Amino acid sequence: MSWPPPSTLPDTPFPNGALAAVAAVAEALLTPGYWALDRLLALQPTTAQRARWRRHRAGRCLGVGVRLLAAPVLVLALLLALPLSLLGLLLWLPVQAKRRPFVHQHAAAAATPEPWDPRRPRSFTFVTANLCLMPSGLARFSNLGSTRWRAAVIGQRLAPGAPAEGSGHREGLLEPQRGDGGGYGGTLSTAAWGQPGSGSGPGAAGGDPWTAASPSAAVASSAPWPEVAMANPRPAVDSVTTLAVAMTNAAPGAAPTPAATLGPERPIPLANPMPSVLTTRIPPDTDFMCLQEVFDATAATILRQRLGRHFPHVLWGVGPGGLRCGQLRVLGSGLVLASRFPPLAARFRPFPNAAREDALANKGLLVAQVLLGMGRGQRVVGYLGCTHLQAPAADATIRDVQLSLVLRWLWEFRREQEQPGDLVAFDVLCGDLNFDNCSRGDAQNQQHPLFKEFWDPARCDPGQDQPWAIGTLLDCLKIYEDAVSTPENMKRTLSQPRGPEQFLAVPILSCGAPDPAAPRPWRGRRVDRTLLRRDPALATEVTGLSVITQLATLSDHLPVALRLRLGPADL
């Protein structure tokens, strides 16, 4: 098999040029009305704009005056654009029905890693991030704006340059400790099935902690990291041909139920004290990136072009809008998946039960099978899911059904794509689940059966996180304050005992209101997750789990990185 193998995934949004031309005409007709509405909503100032007004004597008067003058002009422009917008909508709806569910961008200029021989251990790094790249007017509701400018800056930070080969050591994911640290948090190292740890410590003394060594290079330890072994009670197998749990479903949309008894969730032994889980930089050797809320089309183009400098493969245009599941979806799914390894197959499945404001977006699950390498004629593959669940806090029942659909769809996709003899290296699910593991209001979702099949390394039990875990959702009204306005300041602030309580979103009740009885000091709402399926085919270590502050002031979410060290396989 040639490497990388030729792609069979669609590389254009439409199957022919005629449909693409009609779509372009429809979008041109919709643009004036879209622009006027977006500008009208964007008149709402962010807290950063209000702060700038306060620094000038006449700042507030000028800011309010300009908006009062602009508002009627924009309303008039919107009214004048309505006939064109209606005509554009009549063209847009039928052509969207013919649009492909996703598009594969193959950037030949980006470096493709060598195929992995599973007889040698290798690390893989996964990053998930909610970027809040909505149209600027909608982004104002999260105290953000300038969506296209943010997309360019975020792209530079997510894909700064040529990727480094992962070593499986922590220096690529977490920064070395300096001084007393003053923080809390943790990095897990779980050597499965008695496999030895990967070794630890940053690179050569005085070197760049972000320079990753090759898998076979010896690494000198200048700052030791605790190694914590976690034995798996079940033996390893050389391949996984089916999932361990078969699912049965009574009706479409119904929650799948396990057909076999699942084992109890196992505890994770942790070192004490743990090194800080916070870091200021995206790992330069990231292999897979799952992004959410990339809704704005122009911002998505800017972002995917930047990602293409680092990731040879990007799945974009996922879950386009239109009439979907009997409802009008104004926005797409907002999902983007970037990979250094070639995808063999992918599928998008929309949620049929979106409600309230979430019904405007075509949210769902994007799942892909990626080819990692070959071993003695066996395909070495991985499965990666990216999702974004229902947002309103009161919709726990809707999220519960969506979690059940995700579990079923992941199983169905793997059953359809897996070939006899495949060696499945990992099965990872990433995304913004829109519920945490500390709020009483999220108790229903915290006990979902998905967590019996997928392991959350930062979770102990339903309703209880690891003591080092930290939230990933910021208090959006405070994102421009000096204490969290830069990656370094945010890391320093959130490392303090009361920092999360001041700047992260508060635990909630089922109605979405803050929970006055939440135990203090709380660590914030951890809604962005990286989960891995239990009992993989290969010996697996979680050698890093990190919450990243690099997108300070650019999003109201913090990215999360997970590093796995896999192998060696006995082939």
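Calculation criteria
- Residues numbered from 1 in each chain as written.
- Predicted model: local features only at pLDDT ≥ 70, side-chain atom pairs only at ≥ 80, totals over all residues.
- Heavy atoms only, no water.
- Helix = DSSP H or I, 4+ residues; strand = E, 2+ residues; numbered from the N terminus.
- Buried < 20%, exposed > 50% of the residue type's maximum accessible area, 1.4 Å probe, protein only.
- Contact = heavy atoms within 4.5 Å.
- Areas by Shrake-Rupley, 256 points an atom, 1.4 Å probe, with all protein chains shown as cover.
- Salt bridge = Lys/Arg side-chain N within 4 Å of Asp/Glu carboxyl O.
- Pairing = 2+ DSSP bridges.
- Patch = residues over 30% accessible without salt bridge, like charges linked within 9 Å, V, L, I, M, F, W, Y side chains within 5 Å.
- Lys, Arg positive; Asp, Glu negative; His and termini not counted.
- Charge placed at Lys NZ, Arg CZ, Asp CG, Glu CD.
- Axes fitted to C-alpha atoms, helices over the stretch in contact; angles between N-to-C directions.
- Parallel < 35°, antiparallel > 145°, perpendicular 65-115°, else oblique.
- Left-handed = near helix turned anticlockwise from the far one by under 90°.
- Nonpolar A, V, L, I, M, F, W, Y, C, P; charged D, E, K, R; others polar.
- Core = buried A, V, L, I, M, F, W, Y, C linked by side-chain atoms within 4.5 Å.
- pLDDT = per-residue confidence, 0-100.
- Arc of directions from axis to C-beta.
- Polar contact = N/O pair within 3.5 Å; in protein donor to acceptor, adjacent residues only side chain to side chain.
- Expected span 1.5 Å × (residues − 1).
- Phe/Tyr/Trp six-rings, centres within 6.5 Å; stacked < 30°, edge-to-face > 60°.

Engineer: What am I meant to see in the overall build of the chain here?
Structural biologist: Summing up its helical and strand segments, the chain has eleven helices and 20 strands in all. Looking at the 571 residues of the chain, the share that counts as buried comes to 56%. Long-range contacts, defined as pairs at least 24 residues apart, comprise 80% of the intrachain contacts of the chain with a sequence gap of at least 6. Of the roughly 22,900 Å² of accessible surface on the chain, 59% is carried by carbon and sulfur atoms.

Engineer: I'm lost on the pattern of salt bridges in this one. Help?
Structural biologist: Once the charged atoms of two side chains with opposite charge are near each other, the side chains can pair. With the rule as written, the count across this model stands at 26 salt bridges. Several salt bridges share partner residues, and in doing so they unite Arg414, Glu418, Asp427, Glu453 and Arg533 into one network.

Engineer: What is the right way to read the environment of Ala537 from this model?
Structural biologist: Position of Ala537 among the secondary structure elements: in the loop between strand E18 (528–533) and strand E19 (540–548). When the C-alpha atoms of Ala537 and Gly567 are compared, they prove to be 9.2 Å apart, with 30 residues separating the residues in sequence.

Engineer: Sorry, what's going on with the sheet that holds strand E15 (residues 454–455) here?
Structural biologist: Working definition: the strands of a sheet are paired by backbone hydrogen bonds and lie parallel or antiparallel to each other. Pairing within the open sheet is mixed, and its six strands lie in the order E11-E12-E13-E14-E18-E15. What marks the edges here is a single partner per strand, and that holds for strand E11 (343–350) and E15. Examined bridge by bridge, E11 and strand E12 (residues 364–375) share seven bridges and lie antiparallel to one another. Of the residues in E12, the one forming a bridge with Phe348 is Leu366.

Engineer: Whenever I open this one, a positive patch on the surface confuses me. Can you help?
Structural biologist: Positive charge collects at one region of the surface, where Arg50, Arg52, Arg54 and Arg55 lie side by side. Along the chain, the position of Arg52 falls in helix H2 (residues 47–54). Among the residues examined, Arg52 registers a relative accessible area of 43% and is labelled partly exposed.

Engineer: Just to check I follow, could you spell out the packing of helix H5 (residues 147–158) against helix H6 (residues 297–307) for this structure?
Structural biologist: When two helices pack together, their arrangement is given by the angle between the helix axes and by the axis-to-axis distance. Here H5 crosses H6 at 15°, and the two axes come no closer than 8 Å. As far as their axial angle goes, H6 and H5 are roughly parallel. Crossing of H5 against H6: the hand is right-handed. Packed against H5, whose contacting residues are Thr147, Arg148, Ala151, Ala152, Ile154, Gly155, Gln156 and Leu158, the element H6 presents Thr298, Ala299, Ile302, Leu303, Arg306 and Leu307 at the interface. Along the lines of polarity and charge, the residues of the contact of H5 with H6 split into eight nonpolar, four polar and two charged.

Engineer: What is the right way to read the nonpolar core from this model?
Structural biologist: Note that soluble globular proteins tend to have their nonpolar side chains buried in a common cluster. Among the nonpolar cores identified, the biggest contains 62 residues, and Phe124, Phe288, Leu372, Phe426 and Leu564 are the most heavily contacted of them. By residue number, the principal contributor to this core is strand E14 (residues 423–432), which donates five residues. Once residues within four sequence positions are removed from consideration, Leu372 is found in contact with Trp3, Pro115, Trp116, Phe124, Phe288, Phe341, Val380, Val381, Gly382, Ala425 and Phe426. Formed by 25 residues, the second largest nonpolar core is a distinct cluster that contains Leu131, Leu133, Ile282 and Ala561.

Engineer: Would you explain the confidence of the model for the chain in this entry?
Structural biologist: Do not read the fine detail of predicted coordinates wherever pLDDT is low. On average, residues of the chain score 81 in pLDDT, and 79% of them are at 70 or above. Contacts of residues 166–274 to residues separated by more than four positions or lying in other chains number 261 contacts, the stretch itself having pLDDT below 50.

Engineer: Looking at this structure, how should I read H6?
Structural biologist: Taken residue by residue, H6 has Ala299, Ala300, Leu303, Arg304, Arg306 and Leu307 as its buried positions. Here the buried residues of H6 occupy an arc of 160° about the axis, which is enough to place them on one side. Residues of H6 that are buried sit in contact with strand E1 (103–106), strand E2 (122–133), H5, strand E6 (288–294), strand E7 (313–316) and strand E10 (336–339). With a side-chain oxygen positioned 3.2 Å from the backbone nitrogen of Thr298, the residue opening H6 is Asp296.

Engineer: Teacher, can you tell me more about the pairing of E18 here?
Structural biologist: Walk down a regular strand and you will see the side chains alternate between the two sheet faces. Among the six residues of E18, six are classified as buried, and the element is accordingly described as predominantly covered. Of the two faces of E18, both are covered, the one formed by Asp528, Thr530 and Leu532 as well as the one formed by Arg529, Leu531 and Arg533. One ladder, built from five bridges, connects E14 with E18; its direction is antiparallel. Counterpart to Leu429 in the pairing with E18 is Leu531. Pairing between E15 and E18: two bridges, direction antiparallel. Of the residues in E18, the one forming a bridge with Phe454 is Arg533.

Engineer: Honestly, the sheet that holds E1 in this entry has me stumped. Any pointers?
Structural biologist: Taken together, the eight strands give an open sheet; going across it, the order is E1-E7-E10-E6-E2-E20-E19-E5, and neighbouring strands pair in mixed fashion. Both edges of this open sheet fall to E1 and strand E5 (278–279), since each of them pairs with a single strand only. Across seven bridges, the pairing between E19 and strand E20 (residues 560–566) is antiparallel. Of the residues in E20, the one forming a bridge with Thr540 is Leu566. Strands in contact with H5 are E2 and E6; relative to E2, the strand with the most contacts, it is inclined by about 170°.

Engineer: Is there a simple way to explain helix H1 (residues 17–41) in this structure?
Structural biologist: Residue pairs spaced three or four apart in an α-helix point in one direction, given the helix's 3.6 residues per turn. Helix length check: H1, at 25 residues, gives a terminal C-alpha distance of 34 Å against a target of 36 Å (1.5 Å per residue), a fit within 8%. Among all positions of H1, only Ala23, Ala26, Leu29, Gly33, Ala36 and Asp38 are buried. The opening residue of H1, the one whose side-chain oxygen lies 3.2 Å from the backbone nitrogen of Ala18, is Asn16.

Engineer: Which parts of the structure should I look at to understand unusual backbone geometry?
Structural biologist: For residues that are not glycine, phi is negative in most cases, and the peptide bond is trans in most cases. Following Arg520, the chain continues into Pro521 via a peptide bond in cis, with omega recorded as -5°. Its place among the elements puts Pro521 in the loop between helix H11 (499–503) and E18. Its identity is not glycine, yet Asn143 carries a phi of approximately 65°, on the positive side. As for its position among the elements, Asn143 is in the loop between helix H4 (136–139) and H5. Assessed through its relative accessible area of 5%, Asn143 is described here as buried. Despite not being glycine, Asp535 has its phi angle at roughly 55°, a positive value. Accessibility expressed as a relative area gives 28% for Asp535, which makes it partly exposed.

Engineer: Please explain the packing of aromatic side chains as it appears in this structure.
Structural biologist: Any aromatic ring pair is given by two values, namely how distant the centres are and how the planes are angled relative to each other. Tallied over the entire structure, the rule returns eleven aromatic pairs. Plain terms: the ring middles of Trp116 and Phe124 are 5.3 Å apart, the flat faces sit at 75° to each other, and that makes the pair edge-to-face. Owing to a relative accessible area of 5%, Trp116 belongs among the buried residues under this scheme. Aromatic pair Phe126 and Phe288: ring centres 5.2 Å apart, planes at 20°, arrangement stacked. Taken together, the residues span a long stretch of sequence, with Phe126 in strand E2 and Phe288 in strand E6 at a distance of 162 residues. When its relative accessible area of 0% is taken as the criterion, Phe126 is described as buried. Each residue in the set Trp116, Phe124, Phe126, Phe288, Phe341 and Phe426 is aromatic and connected to the rest through ring pairs, giving one cluster.

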